[in-house]
Amino acid sequence: MFVLGIETSCDETGVAVYHPEQGLLAHALYSQVKTHAEYGGVVPELASRDHVKKLIPLIRRVLGEAGLTQRDLGGIAYTRGPGLVGALLVGAAVARSLAWTLNIPCVGVHHMEGHLLAPLLEPDAPEFPFIALLVSGGHTQLVEVEGIGGYRILGESLDDAAGEAFDKTAKMLGLGYPGGPEIAKLADEGRADRFDFPRPMTDRPGLDFSFSGLKTHTLTTLATTEGTRQDKADIAAAFQAAVVDTLLIKSRRALRETGLKRLVVAGGVSANRLMREKLDDMARKEGYRVYFPRLAFCGDNGAMIAYAGCQRLLAGHVEPAEIRAQPRWPL
Ligand code: KG4
Ligand code: ZN
């Protein structure tokens, strides 16, 4: 069964074809970053319009690259939520219409389930059960994963998501959007130990996070300096170290408390190099194994949706043929 995956929840149009035995056959991504950069964040209406323009050409391209036609498809998966309602509706309308004309099943996938399963597209995939650390622009969650659909939230952010904290802090430092890669780049020129940043909520039990205080801390620290490039680089390095340490401490706590040995890290922030290095290091020292998606699949993409949808369809998941978006949807 060839499954077409469609991702349009935010500012990337992602399309892919996945087959249970043949694996990932083709994938393509169109990033709208340039469209939104001048506004310093995603403009929902512009996002929807860009998805409308790009989605069908991308589907044609991916099918061509996979050597398939529409008629070869056995199912279609699209991101049903969470995300921007207009952007989601573009994917939902195209996916449902195509599935209806081809008379094949269609499934609406949870965006974070897509992220969570992305490392399973890699050759050295983790076995169930595992702990997943989901770190994106909209979510920060620790999840105990028993199998496909078996998710127990152990902890989550009470305010800003980790990626959101990167984006907002980048804005304060006068950097561009998206802020995560910009902060990581500037941090390479800085020293993480010049300023002392807190590791929020690590000194008390529990697995929840809170990142909004780090923004205030960034502002007050910045105000104590002249605001030179070096000052900002040192602040970026201290901020990044604080977020990474906090995520590491809580992930390790989740592993210890559940007795699980495998940690999966996914979502846009999982592309962060310092985080990958530090988590790898911790895992090696403490007898755990950590799994990341390839860099191209850390952020939003169609491959993770094709994969998650395929697993759902194989498990016999059936849903009504309605064009449905769910902007708010707990995992
Ligand atoms: O998963 P994603 O592409 O979209 C959502 O589902 O939200 O995540 C986007 C987030 C943004 O906040 C972005 O700043 C962050 O991931 N991000 C990073 C890095 N690359 C992307 N954060 C830290 N370091 C990075 N290298
Ligand atoms: Zn995402």
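Residues numbered from 1 in each chain as written. Chains lettered and ligands numbered in written order. Predicted model: local features only at pLDDT ≥ 70, side-chain atom pairs only at ≥ 80, totals over all residues. Heavy atoms only, no water.

Within an unreviewed UniProt entry, the label attached to the chain reads tRNA N6-adenosine threonylcarbamoyltransferase, and the organism entered is Methylomagnum ishizawai. Annotation of the chain in UniProt includes, under Sequence similarities (unreviewed entry), the sentence "Belongs to the KAE1 / TsaD family." UniProt, in the comment section headed Subcellular location (unreviewed entry), describes the chain in these words: "Cytoplasm". (UniProt positions renumbered as here; feature names shortened; annotations may be inferred.)

Our next topic: the site of ligand 1. Not every one of the 19 residues close to ligand 1 is listed here, only the nearest: Gly137, Asp167, Gly180, Gly268 and Asn272. Take glycine 180: an N or O atom from its main chain is 2.9 Å from an oxygen atom of ligand 1. Asparagine 272 is positioned such that a nitrogen or oxygen atom in its side chain is 3.0 Å from a nitrogen atom of ligand 1. Protein burial of ligand 1: of its 560 Å² of free accessible surface, 85% is covered by the chains. (Near = heavy atom within 4 Å. Polar contact = N/O pair within 3.5 Å; in protein donor to acceptor, adjacent residues only side chain to side chain. Areas by Shrake-Rupley, 256 points an atom, 1.4 Å probe, with all protein chains shown as cover.)

This paragraph deals with the packing of aromatic side chains. Considering all chains together, one arrives at four aromatic pairs under this definition. Summarising the aromatic geometry, the rings of phenylalanine 128 and phenylalanine 130 are spaced 5.3 Å apart at their centres and angled 20 degrees between planes, so their arrangement reads as stacked. In this structure phenylalanine 128 comes out as partly exposed when scored by relative accessible area, which is 29%. Residue classification places phenylalanine 130 among the buried residues on the basis of a relative accessible area of 0%. Geometrically, the ring pair formed by phenylalanine 209 and phenylalanine 211 is stacked, given 5.8 Å between the ring centres and 15 degrees between the ring planes. Its end group placed over the ring of phenylalanine 209, lysine 250 keeps NZ or CZ at 5.7 Å from the ring centre. (Phe/Tyr/Trp six-rings, centres within 6.5 Å; stacked < 30°, edge-to-face > 60°. Buried < 20%, exposed > 50% of the residue type's maximum accessible area, 1.4 Å probe, protein only. Lys NZ or Arg CZ within 6 Å of the ring centre and 35° of its normal.)

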